[in-house]
Structures are given as C-alpha cells and as structure tokens.
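# Observations on the model geometry
Here are the chains, one letter per residue:
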Amino acid sequence: MNDAPTKLLPEDVVAISEAAAGAILTIDLDAIRENYRRLKTRLGSVRCAGVAKADAYGLGAAQVASALMKEGCDVFFVALLAEGIALREVVGSEPEIYVLNGLPPGSEPEAVAAGLCAVINSGAQLKAWSAAARDARRRLPAAIQVDSGMSRLGMAPAEVEAVAKDTGALDGIDVRYVMSHLACADEPRHPANEEQRLAFERLRAMLPEVPASLANSSGIFLGPPYHYDLARPGAALYGINPTPGAPNPMLPVVRLQAKVAQTRRVEKGTGIGYGHTYYADGPLSLATISFGYADGWLRRSASAAWFEGIRLPFLGRVSMDSIILDISAVPPGRLREGDLVELLGPSQSVDDAAGHAGTIGYEILASLGPRFHRRYVGG
Ligand SMILES: *Cc1c(COP(=O)(O)O)cnc(C)c1O
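In the annotation of an unreviewed UniProt entry, the entry for the chain reads Alanine racemase, and the organism field reads Rhizobium loti. Recorded in UniProt for the chain, the comment headed Function (unreviewed entry) runs: "Catalyzes the interconversion of L-alanine and D-alanine. May also act on other amino acids." Of the chain, the UniProt comment under Catalytic activity (unreviewed entry) reads exactly: "L-alanine = D-alanine".

Given below as structure tokens:
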C-alpha cells in the first residue's frame, strides 16, 4: 500500500456547509448506538457485528463505526475490499473487518496488508487465501461462507464437501466463522427460513467446529435458533424496520430536509415542470426545493415533502436539482425561501418513503447523494 490511505474522516464528509447546501442530512449517532443496544439485548450473549457496507448504507462508515465501537462493537462487515481498507484507517488495528463479497483474485496481499478477514466464497478463494498465508508466513483469518439456499454468494454444497475431504484445504487459514445469509428473513413465515437453517446445519457439520453466523437484522427477529454465535445486522441499526408489517422496534436515525429555493403563485391551467405533466387545476401556491434525482431521490420515490405536519405534494416531474411542491395548504407567507421542508424524518420515515416508491428502505438510504450538508448528532 504505497498510495496515500483513503481517508474517511468526519472532516472529509462534512465538507459542504449548511449555508451552501441545498439539503441537510442529519444522522443521529446516538440512535444508532441505541439500536445496537436493543439488538444486543435480544441477542443475549451472542456477539453482534455492525454491517457497514456501502458507506454504512449511505450514512458514513467512519462515523457509524466509531459510534458502534463505543458500544463495544469490535467486528464489522463490508462488501468490498476497498471499503475494508478505508474502514481499517478509521477503526484502528483491533476490530475484525470481514469482506463479504470475497477478495478479487490477486488482491490478497492488499487484504493482508490492511489486516482484513477474508470471507471465502469458493474453493478458488480458499486456495488463494491459503497461498497468501504461505507468503505471509502466518495464519490468516477468514470466515467460510456457504450457500444455504440464497444462490448469491458462498460455497455450494459440493464445494463444501470437497473442502471437507481435502485434508490440506484449510492450511494456513484461521477459520473464525462459518456463515451464510438468509434470503427471506423479513418474511418470518416463509418456509425458506427453516429450510436454510437446516441446510446451514448440514453444511456446517462438514467443516471444522467453529462459531457460526447466519442472522442479518431480520434474522435476529426470527428468534434464538437463528442467532448462533454472531449476528450481522445492518439495516436495523440505521432505523429500517426489520419486522415489516409490525411496528418498528428500532429508533429512526436519519432526517433529510431540503431548502426552499423559490416560491410563487400560479393561475389555473398553468403547466408545471418538465413535460408539463401537470396543469394547475386552480390557483396554486408553489415552492421549488433545491433537491432532485441527482441527490438520490429516485424519481418514483415518495411524492410529498412535509412542513410543520402539513403534506406538500410534489407537482410534475422530479428534476435533477429541484422539485416543485404544492404549498397551498400552508398559510400564506409562512413558508419562505431558505426554509426547510422534510423529506425523511418524523413525518415520513425511510420505510414510508420506500413504500410509496415500491422499493425498500435500504435503497432509499443507499441512494442518498453526496451533495448534502451532513450533520452528525450524538455519538
Ligand atoms: C447486507 C448483509 C447483511 C446485513 O443485512 P441487513 O438486512 O441490512 O441487516 C448481513 N449479511 C450479509 C451477508 C449481507 O450481505
């Protein structure tokens, strides 16, 4: 690693001032800590990781990981090697960092240099990590991921059998976990959950007796048979409901507010926005906010903002940098240039916004763009 380390420190991320930004994203690190504590309470003595892939679901891996470490979290999961290298700079040398998607062929020395744990998804990855251990002249830490039925990542059953038969297969590898991932954990009655758990039991029995890990956020709520030795929550830490259809047991974490750039009155019949997809059906008061699809607000996402509990519907198309709101329900003069309206927060949760868009809270958070002023509270 001769290149300058990738910095992910708060000063880099909070670079856009509140005055200069079109929108403000507030991230409540205390709420993330409380969510971690709530999950730990459910898990009892089971270890609890923090999943911080995709910049901690868009919320800032550096800040999130630092907050979780204050709650005693000492194991993190990221998706990519690049994310692991960046996170290592932030968390210091102690915490374990697992790279879920596996190490790209040839990248093993970089992973070793950053002190990362490989997630081994195939026989070829196992061989490569074993060879890296030989080169490094020490045992290298890893989790072996098995595919218990999601068909996404991990060793297929036949590969697990081959590894079990090959006495030298695990040479040089410090296998810390056998892990797998649930496809339908957010649907507690889905038969795939129990099928995967049983498949996981069978696959695990072929490998050395090491601790096991199966549950993501929703998996934790499937109950103790799914907890094993290490849980891997992401979404629930960030306030997304891990029990869809039931009340959210987690605290909300994000608030997103956009600035009013201009207000105006229009007469009945006026065309509004690109393509004139909307015509005023009477005189209307409008506000244009400095926030659009370039900020990650998918064009199909929730179609209203909120101000002091009043719903402000979007009119016409979402533009790249702006959205036109109908503010006719707000008393005249009450909402002005520079004022903030809410896109995510007490009036509209991440899950609400996702529901309107026919998507999931994960996509709403992971899409949030880099153009906001980011305000971290607590932590
Ligand atoms: C993303 C991911 C998690 C975390 O899932 P959540 O649903 O966000 O809790 C856990 N394990 C694996 C393998 C993942 O890819």
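Bringing the overall build of the chain into the picture now. Scanning the chain from terminus to terminus reveals 12 helices and 19 strands. Each principal axis of the C-alpha distribution contributes one length, and for the chain these read about 80 × 50 × 40 Å. Sequence separation of 24 or more characterises 68% of the internal contacts of the chain that already satisfy a separation of 6 or more. Summed over its atoms, the accessible surface of the chain is roughly 16,800 Å², and 52% of this surface lies on carbon and sulfur atoms. When the 37 basic and 42 acidic side-chain charges of the chain are each reduced to a single mean position, those positions are 2 Å apart.

As recorded in UniProt, the sites labelled "modified residue: N6-(pyridoxal phosphate)lysine" (unreviewed entry) are Lys53. Summarising the element assignment, Lys53 is placed in helix α3 (residues 53-57). Using a relative accessible area of 25% as the deciding quantity, one classes Lys53 as partly exposed.

Okay, the packing of helix α2 (residues 29-43) against helix α4 (residues 61-70) next. Each pair of packed helices gets described by two things: the angle between the helix axes and the distance between those axes. Relative orientation of the contacting elements α2 and α4 amounts to 50°, with a least axis distance of 9 Å. Looking at the two axes, α2 sits oblique to α4. Between α2 and α4 lies a crossing whose hand is right-handed. Along the contact surface, α2 presents Leu29, Ile32, Arg33 and Tyr36, while α4 presents Gln63, Val64, Ala67, Leu68 and Lys70. Of the residues assigned to the contact of α2 with α4, the class counts are six nonpolar, one polar and two charged.

Each α-helix winds once per 3.6 residues, and so residues spaced three or four apart point in a common direction. Across the 11 residues of helix α5 (residues 81-91), eight count as buried, placing the element largely inside the fold. Within α5, burial applies to Leu81, Gly84, Ile85, Ala86, Leu87, Arg88, Val90 and Val91. Residues of α5 that are buried sit in contact with α4, β4 (75-78), β5 (96-99) and α6 (108-113). Positive phi appears at Gly92, one or two residues downstream of α5, with a value of about 80°.

For the rest of this paragraph, the subject is unusual backbone geometry. Positive phi is not limited to glycine here, since Ala54 has a value of about 50°. Residue class for Ala54 comes out partly exposed when judged on its relative accessible area of 40%. At Ala56, a position not held by glycine, the phi torsion is positive, near 55°. A relative accessible area of 0% places Ala56 in the buried class.

The next point concerns the site of the ligand. Looking at the ligand, there are 13 residues lining it, with Lys53, Tyr57, Ser217, Ala235 and Tyr362 nearest. At 3.0 Å, a side-chain N or O of Asn216 approaches an oxygen atom of the ligand. Interatomic distance of 3.0 Å between a side-chain N/O atom of Arg232 and a nitrogen atom of the ligand. Surface burial for the ligand is 94%, taken as the share of its 390 Å² of free accessible area covered by protein chains. Taken together, the residues that form the shell around the ligand break down as six nonpolar, four polar and three charged.

This brings us to the packing of aromatic side chains. Scanning the entire structure with this criterion turns up seven aromatic pairs. Ring geometry for Phe291 against Phe372: centres 6.1 Å apart, planes inclined by 25°, an arrangement best described as stacked. Of this pair, Phe291 sits in the loop between β14 (284-289) and β15 (304-307) while Phe372 sits in the loop between α12 (361-367) and β19 (373-377), and the two are 81 residues apart along the sequence. Take Phe372: its relative accessible area is 1%, and that puts it in the buried class. An aromatic cluster of at least three residues, connected via ring pairs, comprises Tyr57, Tyr238 and Tyr362. Stacked on the ring of Phe77, the Lys or Arg Arg232 has its end atom at 6.0 Å from the ring centre.

On to the UniProt feature "active site" (unreviewed entry) in the chain, then. The feature "active site" (unreviewed entry), as annotated in UniProt, sits at Lys53 and Tyr274 in this numbering. Spanning 222 residues, the named residues do not form one spatial group; their C-alpha atoms are separated by as much as 35.8 Å. Apart from residues lying up to four places away in sequence, Lys53 is in contact with Phe77, Val78, Ala79, Glu83 and Leu100. Summarising the element assignment, Tyr274 is placed in the loop between β12 (271-272) and β13 (278-279). Accessibility expressed as a relative area gives 59% for Tyr274, which makes it exposed. Not counting chain neighbours up to four residues away, the residues in contact with Tyr274 comprise Arg317 and Ser319.

This next bit is on the domain arrangement of the chain. Here the domain parsing of the chain yields domain 1 (29-238) and domain 2 (254-348). Its C-alpha centre places domain 1 at a distance of 42 Å from the equivalent point of domain 2.

Calculation notes
Residues numbered from 1 in each chain as written. Predicted model: local features only at pLDDT ≥ 70, side-chain atom pairs only at ≥ 80, totals over all residues. Heavy atoms only, no water. UniProt positions renumbered as here; feature names shortened; annotations may be inferred. Helix = DSSP H or I, 4+ residues; strand = E, 2+ residues; numbered from the N terminus. Contact = heavy atoms within 4.5 Å. Areas by Shrake-Rupley, 256 points an atom, 1.4 Å probe, with all protein chains shown as cover. Lys, Arg positive; Asp, Glu negative; His and termini not counted. Charge placed at Lys NZ, Arg CZ, Asp CG, Glu CD. Buried < 20%, exposed > 50% of the residue type's maximum accessible area, 1.4 Å probe, protein only. Axes fitted to C-alpha atoms, helices over the stretch in contact; angles between N-to-C directions. Parallel < 35°, antiparallel > 145°, perpendicular 65-115°, else oblique. Left-handed = near helix turned anticlockwise from the far one by under 90°. Nonpolar A, V, L, I, M, F, W, Y, C, P; charged D, E, K, R; others polar. Near = heavy atom within 4 Å. Polar contact = N/O pair within 3.5 Å; in protein donor to acceptor, adjacent residues only side chain to side chain. Phe/Tyr/Trp six-rings, centres within 6.5 Å; stacked < 30°, edge-to-face > 60°. Lys NZ or Arg CZ within 6 Å of the ring centre and 35° of its normal. Domains from an automatic or database assignment.

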